[in-house]
Amino acid sequence: MKKIILVLVAVLSLNLSSCSYSGVAENIDTNAEVQVGVTEIEAERELRGVWLSFYEISAMCKGVSEATYRMNAEDVIRNISENKLNTVFYQVRCFSDALYESTVFPTSKYIAEAEGEKLEFDPLEIFIEIANTYNVDVHAWVNPFRVSYSVDFNSLSDSNPAKKLYNENQNTESLIICEKGIFYNPADENARKVILQGVRELVENYDIKGIQFDDYFYPETEKMNDESCYEKYKSSGGQLSLAEWRKQNISGFVSSVYMLIKGCDENLVFGISPSASFSKNEKIYADIKLWCSEEGFVDYIMPQVYFGFLNETMPFETVIDEWCEIERYKGVKLYCGFSPYKCGASDENAGEGKNEWIENDDIISRQYEYLKQTEFFDGFVLYSYSYCFGENVTENSKIEIERLLQYLR
C-alpha cells in the first residue's frame, strides 16, 4: 500500500462505525501513484489571485446569451491579467448546486432562472477557454457541505441530491438540519459520496489547475442532529469525544478529496481557505494544523486574513506571525487572503480600529509588503473581483489596488 495511505492510517486509524469516516475516498484507485506537492510551474511564480464569487458570476451570466457571457468573461479576465494577477478562484458551487454543467448537482439559481434549469452554454468551460488565452489559471472554488440557509426543502429542486437524500428518509443521517440551515453531514457515507462525485466531475471534465474549499465545514452551532451517528460510532467501540470525532470526520474527508484529485491528475492542487482565526476553525472542527503538518491533506492553506493593522482582537501582523509559526509538511504552501471589500468601509468588529479602512488607502500594499518580509507566504488572493475591478469599487479600494500593483512586477 502506498506511503500516503500508510500515513493516513497512522493519523486516522480508530474504531469506526458506518457513520464515521476512515479517510479512504469512495471509488478511488488506491493502486495509483500519488505525488505530494505542487508542480514546478506553480513553484516558479508567486500566486496572485482573485476570488470570483457566485454573485459576480451571476452578474456576468444570468439571463444573457452565450455571446454576451463570452464578452463579460473576457472583460473580467482581461482586467485580471492587465492588473498583474495570474489566478482566478471561480466559485463553482456555493450551495448544493452547480455554476457549471453538472450531472451531480442542479444548475444554480444564480445562473439559471430557477434551480435545475439548464443553460444553453457552460459558463465554466467558456471561462477557462478564455482564461487560457491570457495565461490566467482557473481553480474551482467549492463550498462542500452547505446546502441551504433555509430549512425548507421545498425551496430545493427535485434534482437536488440533498432533497433526494431527505426524501429517502425524513430522519436522514445524511444531512445536518439546524438554525443555520441545511448541511451535508460529514459523518455520513452517502453525503460524502455526493460531494466526492462533484469533485471528480470537475477534475475530469475541466482544464482547471485545482480545487479549493472555503471555510464552511460543520455549521457553527451548538445543536446538530448528528447524535445518532455519534452513538453508532460509540457503540462500535469508538473512544473519541464528540468534538474529536467531528474533527476526524472532516479530516478524513479532506484526505479523501486530496487522494481523489491526485489519483486523477497528480499535477492538480488541492487547498483550503479557512478562517484566519484558529479558535473559529476549532468551532467548525477544521483541524488546520494537522492538514498543514501531515502528508496527504492539502497542497496549500490560504487563511482569510481580513483584518487591518489596528484591529483590536486580530491585528494583521500578529495574525500573520501566528500563521508563520505553524508546522508545515514539505511542499505545503501558505497563501494569504486579503480583503479589498473592506476598503472605504467601517469595520465594526475591529474595536478602536474600526475606521482604519476609511482613514487609510494603503493598507493592502503594506500588508503585502509585510508578507514579503516574513518569507513564509507564497502569494495572495483578493476578495473579491467586484471590489477590485467591478461595480463595488470604492475610491479607497481603487487607490489600494493601484498601490498594490506598484509592488508587483
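Everything below is about the structure printed above this text.
Description of the overall build of the protein
Turning to step 1, where the next piece is worked out: Looking only at helices and strands, one finds 16 helices and 12 strands in the protein.
Turning to step 2, where the next piece is worked out: Taken across its 409 residues, the protein has 59% of its residues classed as buried.
Turning to step 3, where the next piece is worked out: Considering only intrachain contacts with a sequence separation of at least 6, the fraction spanning at least 24 residues in the protein is 78%.
Turning to step 4, where the next piece is worked out: Element-wise, carbon and sulfur atoms account for 44% of the exposed surface of the protein, whose accessible area totals about 17,200 Å².

As for a negative patch on the surface
Turning to step 1, where the next piece is worked out: Side chains of Glu-317, Asp-321, Glu-322 and Glu-325 sit close together on the surface and give a patch of like negative charge.
Turning to step 2, where the next piece is worked out: Among the structural elements, Glu-317 can be located in helix H12 (residues 316-324).
Turning to step 3, where the next piece is worked out: With relative accessibility at 37%, the residue Glu-317 sits in the partly exposed group.

Digging into the packing of aromatic side chains
Turning to step 1, where the next piece is worked out: One pass over the structure, following the stated rule, counts 35 aromatic pairs.
Turning to step 2, where the next piece is worked out: Here Phe-95 and Tyr-110 contribute two aromatic rings whose centre-to-centre distance is 6.4 Å and whose plane-to-plane angle is 20°, an arrangement assigned as stacked. With Phe-95 in the loop between strand S2 (87-93) and helix H5 (123-133) and Tyr-110 in the loop between S2 and H5, this residue pair connects regions lying 15 residues apart in the sequence.
Turning to step 3, where the next piece is worked out: The buried category is assigned to Tyr-110, whose relative accessible area is 18%.
Turning to step 4, where the next piece is worked out: In this structure, Arg-146 is placed above the aromatic ring of Phe-95, and the distance from its NZ or CZ to the ring centre is 4.2 Å.
Turning to step 5, where the next piece is worked out: One cation-aromatic arrangement involves Arg-246 over Tyr-218; the distance from NZ or CZ to the ring centre is 5.8 Å.

Describing the pattern of salt bridges
Turning to step 1, where the next piece is worked out: As enumerated under the stated definition, the model contains 18 salt bridges in all.
Turning to step 2, where the next piece is worked out: The salt bridge partner of Arg-78 is Glu-74, with a shortest N-O separation of 3.8 Å. Of this pair, Arg-78 and Glu-74 both sit in helix H4 (residues 66-82), 4 residues apart, roughly one helical turn.
Turning to step 3, where the next piece is worked out: Residue Glu-74 is classed as partly exposed on the basis of its relative accessible area of 29%.
Turning to step 4, where the next piece is worked out: In this structure, the salt-bridge partner of Arg-403 is Asp-361, at a minimum N-O distance of 3.4 Å. On the criterion of sequence distance, the pair formed by Arg-403 in helix H16 (residues 395-405) and Asp-361 in the loop between helix H13 (356-359) and helix H14 (363-374) is long-range, its members being 42 residues apart.
Turning to step 5, where the next piece is worked out: Each of the salt bridges in this network shares a partner with another, and the network as a whole consists of Glu-46, Arg-48 and Lys-372.

Comments concerning the side chain of Lys-247
Turning to step 1, where the next piece is worked out: Inspection of the secondary structure assignment puts Lys-247 in helix H9 (residues 242-264).
Turning to step 2, where the next piece is worked out: Lys-247 sits in the buried class, given a relative accessible area of 12%.
Turning to step 3, where the next piece is worked out: When residues no more than four places from it in sequence are discounted, the contact partners of Lys-247 are Glu-282, Tyr-285 and Asp-287.

Quick word on H16
Since the α-helix packs 3.6 residues into each turn, any two residues three or four apart lie on the same face.
Turning to step 1, where the next piece is worked out: Among the residues of H16, Asn-396, Ser-397, Glu-400, Ile-401, Leu-404 and Leu-405 are the ones counted as buried. An end-on view of H16 places all buried positions within 165° of arc, on one side of the element.
Turning to step 2, where the next piece is worked out: Elements in contact with the buried residues of H16: H13, H14, strand S12 (379-382) and helix H15 (385-388).

Quick notes on the sheet that holds strand S3 (residues 137-142)
Pairing between sheet strands relies on hydrogen bonds along the backbone, with the strands arranged either parallel or antiparallel.
Turning to step 1, where the next piece is worked out: In spatial order, the strands read S10-S9-S8-S7-S3-S2-S1-S12-S11; together these 9 strands make up an open sheet with parallel pairing. Edge strands, defined here as strands with exactly one partner in the open sheet, are strand S10 (333-334) and strand S11 (336-338).
Turning to step 2, where the next piece is worked out: Helix H3 (residues 54-61) rests against strand S1 (47-52) and S2 of the sheet, and its axis sits at about 70° to S1.
Turning to step 3, where the next piece is worked out: Contacting S2, S3 and strand S7 (210-213), helix H7 (residues 189-205) runs over the sheet at an angle of about 145° to S7.

Some words on the nonpolar core
Turning to step 1, where the next piece is worked out: Counting residues in each nonpolar core, the largest one holds 122 residues, and the members touching the most others are Phe-127, Tyr-184, Ile-211 and Trp-291.
Turning to step 2, where the next piece is worked out: Apart from residues no more than four positions distant in its own chain, Phe-127 is found in contact with Leu-52, Met-60, Tyr-69, Ala-73, Val-76, Ile-77, Val-88, Tyr-90 and Val-138.
Turning to step 3, where the next piece is worked out: In terms of nonpolar packing, the next biggest core, distinct from the first, is built from 10 residues, Trp-51, Phe-89, Tyr-300 and Tyr-306 among them.

A few points about the side chain of Ser-102
Turning to step 1, where the next piece is worked out: In this fold, Ser-102 is placed in the loop between S2 and H5.
Turning to step 2, where the next piece is worked out: Polar contacts involving the side chain of Ser-102 include one to the side chain of Glu-201, which spans 2.4 Å.
Turning to step 3, where the next piece is worked out: With near-sequence residues (within four places) excluded, Ser-102 lies in contact with Lys-118 and Glu-201.

What counts as what
Residues numbered from 1 in each chain as written. Predicted model: local features only at pLDDT ≥ 70, side-chain atom pairs only at ≥ 80, totals over all residues. Heavy atoms only, no water. Helix = DSSP H or I, 4+ residues; strand = E, 2+ residues; numbered from the N terminus. Buried < 20%, exposed > 50% of the residue type's maximum accessible area, 1.4 Å probe, protein only. Contact = heavy atoms within 4.5 Å. Areas by Shrake-Rupley, 256 points an atom, 1.4 Å probe, with all protein chains shown as cover. Patch = residues over 30% accessible without salt bridge, like charges linked within 9 Å, V, L, I, M, F, W, Y side chains within 5 Å. Salt bridge = Lys/Arg side-chain N within 4 Å of Asp/Glu carboxyl O. Lys, Arg positive; Asp, Glu negative; His and termini not counted. Charge placed at Lys NZ, Arg CZ, Asp CG, Glu CD. Phe/Tyr/Trp six-rings, centres within 6.5 Å; stacked < 30°, edge-to-face > 60°. Lys NZ or Arg CZ within 6 Å of the ring centre and 35° of its normal. Arc of directions from axis to C-beta. Pairing = 2+ DSSP bridges. Axes fitted to C-alpha atoms, helices over the stretch in contact; angles between N-to-C directions. Core = buried A, V, L, I, M, F, W, Y, C linked by side-chain atoms within 4.5 Å. Polar contact = N/O pair within 3.5 Å; in protein donor to acceptor, adjacent residues only side chain to side chain.

Purely geometric numbers; function is a separate question.
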